[in-house]
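Fold and geometry: a report
Okay, here's what each chain looks like letter by letter:
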Amino acid sequence: MDNPFVPGGRNPAPDESTGDAVLAASREDGLVSGSMYERVAQIAVYLAVVCMPLLYLPWTSSVLELNKQLALVALAGIALVVWLLGIVVSGTMRFRVSPLDKGVLALVVAVGASAIAAVSRTKALFGVNVSLSGAFITVLALAVLYLVAVNVFQDRGKMLRRALVGAGALALLLGLFQMLTVYFLPGSFTHSRAFNTVGSLNALGVLAAVLLPLFTKGTPRGWGKAGLVVSWAGVVLSLAILAILNWWILWAVALAGMLAMIGFDSVNSVQMSADYGGVSRKGRFAMSRFIVPMAVIVLGAFLLLVRFNLTAVKSQFPVEIAPSFSLSWDITRAVIGQDLLFGYGPEAYSVAFDQFGAGQLRNTQLSGLRFFDGTSEFFTMTVTGGLIAVLALAVLLWTLVQAVARFGGALSSRLGSKDGGYEAMESSGVMSATVAMTAALFLYPFNMALMGVWFALLALSALVVSGDRAYEIDIESKPAFSLSASLGFIVSLIVVLAGVYFVSVSYLADVSYARAAQAENASAALDHMARAVSLDGSRDRYFRDASQLTLQVLREEIARQDDDPQRAARVQNLVASAVQLAQRATELQPREALNWANLASVYRSMTGLVQDVEQLAEEAYARASELRPGDPTFDNQVGAMWLARADLIAQVAQSATGENRTRLAEQYDESLERAEAAFSRALEKAPAYGLAIYNRAAVYDRQGNISEAIADIERIVPANANLPSLMFELGILYLRAGRNDDALAAMQRAVLLAPQYANARWYFALLLEERGEIEAAIANLREIEKNNPDHPVLLEKISQLGAVPPVVSDEDVVDQEPLDVGNELPADAAPGTTDEGGEEAAQ
């Protein structure tokens, strides 16, 4: 058939020297082939594929994601510019067409459209440091690498497969060593079981499951002995990691790849009639081909059924918490109902979670937690991209189905060649890994490493199904072609330079941000933060943290004891700066609950410095609560603020007289009422929120409502019965209510939990004294004396009780003052939230 793109030209036939013959020669030598420009572009693609699972650097706040993104954008830009330059210089454009091209293009268009309509365009374009894989610039760079890879490789992806397999095997090896506490990676932060170059431990498991088909299809002819060793080492490493983690999602991904491999090998067996490895297959259906996939399937099923668990290893692993499938579905449904077309925008999942998912965690230990991804990449993309993202994924999946349908035809055109047999096997591994990654799309969220591997597999699949078929355009044959090529090169160069510039500036800003976190003092940290803000003033988190650092410097300034006449001016400037920085964060991202909560905390910290600042803080907390409905923590913070204000007023009132004292008493009562109302609002949202119950009990105590205070404390005791301080406080309340028997039991419980708790023993001894159990009282006082041998009040009490007859105090125990001693307590957690069936919301 005539080629419409080349005047008088034809599509090269398989046996012509301009077609398969030339390409076969390049495949035989196994080297990077093509023009100088193509070779440079190929090297850039190789480096990108290697960097995605392996790269990390210590200079930024995100040692993995941010560094991978910068490398990806830079290498994609180099590959694109050099490839286009080669086209312009040669005057000929050679390109391949694959069904997957439309799917990748649809994905880029969908992410770009949703980025324009995003709630935060900065996050949509560049992402946030903890989540970058869905940002538009990331997806665009990956699509560029896909485009270049499909069009510059003339070996049907042979060397690209080697790069992916080698990088993947090395990442798995390093990850397995990290899991077993064998630390080879440089950097003190890498000395942890939780660290690996891929991401989380589960992300490492997903990579192992996805690459398993690719590893199993290494062949001697295609890889050589060394390459075959790497390939089968990858199989062993993958199975070892999957067995250690033993999570059903990982085995489900592996199962998808193994079943796909059985299907593709069946196609190979039916069509193969070439000599492979010296043995003539003649199309025979060889069951030996299915030994590995069937063994993997059996192994996974067996380990899941017996619940295989290496407790000695897994007990040391960090727990990865993610929203459940049901919670992710609820959030997705709510977002689609509110913004059907575009969703919330790339990398805005946390905003959607705050709005629609946080309330479901309010009665769990996870209350206050935020998620930046759904339970799977599909849920994340649907929330951040809306209907247009779902349609783009549908197009991509349909093009993948088309590619699978063309797989058999692509193989049949090459089986007659000398290398057709091994190419058929390795192509089967590529397609099977792509199917496994597609399954992972619906089961697990992607990070930069997994997203990079996904696009690399898409490029390899495109090379498999497109083969050697390529079209050529003589761009010098028509002025329109030449003009379009020149303009395309210029525009691409501008876009690449702009993209690399903005990503580099963002990277340098994050370097300063990371230095601020490592600074020795607040002033030095604030200097680094100021540089971060000057480099990238679009990041709200920089302003949030800068406001908190300014507050820390303010506290240090207030604490300084000097007579500097400029001190008052510095304090005022720091107060104003802290507020302005916090307000700037809310202006940049008004729909981010964290920004409003931070502004409220800044206002709250200025109690005593700025008049009536509590009202401003409460309004900011209310705005945060609107953006994160159902979360009781903001109301609890409001209550804690008014309770602290009441305590401050009580201190000032001690030295006040007359009308001033009366006015302070009114303010004290008003503050307690507002605190009680705030804690009650928190408990309306989360009735089992232990901290709010505890704080409301403190309010009741100050109001003199002892019975209500006791009732609240008794509500949280069952879930916090291991806290000696809580039992002590309950004992004091019992004393004030005249329930001395209950007080004795509470104090005894506190002493059992913390034998060195001096004041618990003191009141326990006093209660024993009241009951006439003098010897037991003296024994407890002697225990206190061991750590306080010279305490006068303690020694006097021991002397009185040791006298004959003992001198017993006629003062009520409740009126006795606590000892002025250090209470050697264990590190107590605050009263927690009781979990009333909320575990289903997260996994």
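Numbering of residues starts from 1 in every chain and runs along the sequence as written. Totals for whole chains, interfaces and linings use all residues, but because this is a predicted model, local features are given only for residues with pLDDT of at least 70 and pairs of side-chain atoms are given and counted only at 80 or more. Heavy atoms from the whole structure form the basis of all side-chain values; hydrogens and water molecules are not counted.

Quick look at the nonpolar core
Residues belong to one nonpolar core when they are buried, are Ala, Val, Leu, Ile, Met, Phe, Trp, Tyr or Cys, and are joined through side-chain atoms within 4.5 Å. Type-normalised accessible area, obtained with a 1.4 Å probe on protein chains alone, sets the label of each residue: buried when under 20%, exposed when over 50%, and partly exposed for intermediate values. Val45, Tyr146, Leu164, Met179, Trp454, Phe455 and Leu457 are the most contacted members of the largest nonpolar core, which totals 134 residues. Working definition: helices are DSSP H or I runs of at least four residues, strands are E runs of at least two. Numbering for both runs from the N terminus. Looking at which element gives the most residues to this core, the answer is helix α17 (residues 448-466), with 16 residues. What makes two residues a contact is simply this: any of their non-hydrogen atoms within 4.5 Å. For Leu457, the contacting residues outside a window of four places in its chain are Leu164, Val210, Leu214, Val430, Ala433, Thr434 and Met437. Ranked by size, the runner-up nonpolar core spans 50 residues in total, among them Ala743, Met747, Tyr757 and Leu794.

What to know about empty space enclosed by the protein
Here a cavity denotes a set of grid points, spaced 1 Å apart and computed over the protein atoms alone, in which a 1.4 Å probe fits but from which it cannot get out, and a pocket denotes an open set meeting protein on both sides within 12 Å along at least five of seven lines; residues with an atom within 4 Å of a point are reported as lining. Grid points are joined across faces, edges and corners, and a volume is the space filled by probe spheres set on the points. Counted under the stated rule, the structure contains six cavities of 30 Å³ or more. In this structure, the largest cavity encloses a volume near 200 Å³. Considering the residues around the largest cavity, the lining is formed by 22 residues, among which Val111, Gly134, Glu377, Met381 and Thr384 are closest to the centre. If you list the elements that add at least two residues to the lining of the largest cavity, you get α4 (99-116), α15 (377-412) and α17. Considering every element that reaches the lining of the largest cavity, the biggest residue donor is α15, with six residues. The nonpolar class holds Ala, Val, Leu, Ile, Met, Phe, Trp, Tyr, Cys and Pro. Asp, Glu, Lys and Arg form the charged class, and all remaining residues, Gly among them, are polar. Of the residues contributing to the lining of the largest cavity, the split by class is twelve nonpolar, seven polar and three charged. Taken as a whole, the second largest cavity encloses approximately 110 Å³ of empty space. Mapped onto the lining of the second largest cavity, the elements with two or more residues apiece are α2 (36-54), α6 (136-152) and α17. Class assignment of the residues belonging to the lining of the second largest cavity gives a composition of 13 nonpolar, one polar and no charged.

A closer look at the packing of helix α22 (residues 593-605) against helix α23 (residues 613-627)
Fitted lines through C-alpha atoms give the axes, limited to the stretch in contact for helices. The angle between two N-to-C directions lies from 0 to 180 degrees. At a closest axis distance of 8 Å, the pairing of α22 and α23 adopts a crossing angle of 165°. Considering the angle they form, α22 stands roughly antiparallel to α23. Crossing handedness for the pair α22 and α23: left-handed. On the side of α22, the interface is formed by Ala593, Trp596, Ala597, Leu599, Ala600, Ser601, Tyr603 and Arg604, while α23 contributes Val613, Leu616, Ala617, Ala620, Tyr621, Arg623, Ala624 and Leu627. Taken together, the residues of the contact of α22 with α23 sort by class into 13 nonpolar, one polar and two charged. Oblique is the label for every angle not falling under 35 degrees (roughly parallel), over 145 degrees (roughly antiparallel), or within 65 to 115 degrees (roughly perpendicular). Helix crossings get a hand from a simple test, with the near helix turned counterclockwise from the far one by less than a right angle marking a left-handed crossing and a clockwise turn marking a right-handed one.

Observations concerning the pattern of salt bridges
Salt bridge, as applied in this entry: a Lys or Arg side-chain nitrogen positioned within 4 Å of an Asp or Glu carboxyl oxygen. Considering all chains together, one arrives at 32 salt bridges under this definition. Notably, a salt bridge pairs Arg771 with Asp741, separated by 3.1 Å at the nearest N-O pair. Pair noted here: Arg771 is in the loop between α30 (758-770) and α31 (774-787) and Asp741 is in helix α29 (residues 740-753), with a separation of 30 residues, a long-range link. A network of salt bridges, in which partner residues are shared, links Lys123, Asp354, Arg370, Glu592, Arg628 and Asp631.

Let's talk about unusual backbone geometry
Unlike most non-glycine residues, Arg156 shows phi in positive territory, near 60°. Topologically, Arg156 is positioned in the loop between α6 and α7 (158-179). The exposure class of Arg156 is buried, given its relative accessible area of 6%. One non-glycine residue with positive phi stands out, namely Thr181, at about 60°. Exposure remark for Thr181: the relative accessible area of 35% places this residue in the partly exposed category.

Looking at the layout of surface pockets
In this structure, the largest pocket encloses a volume near 1,200 Å³. Lining the largest pocket are 41 residues; nearest its centre among them are Ser200, Glu320, Ile321, Tyr444 and Pro445. Of all the secondary structure elements, the ones that give two or more residues to the lining of the largest pocket are α8 (201-216) and α10 (248-271). Considering each element in turn, the lining of the largest pocket owes the most residues, three residues, to α8. Looking at side-chain class alone, the lining of the largest pocket contains 24 nonpolar, twelve polar and five charged residues.

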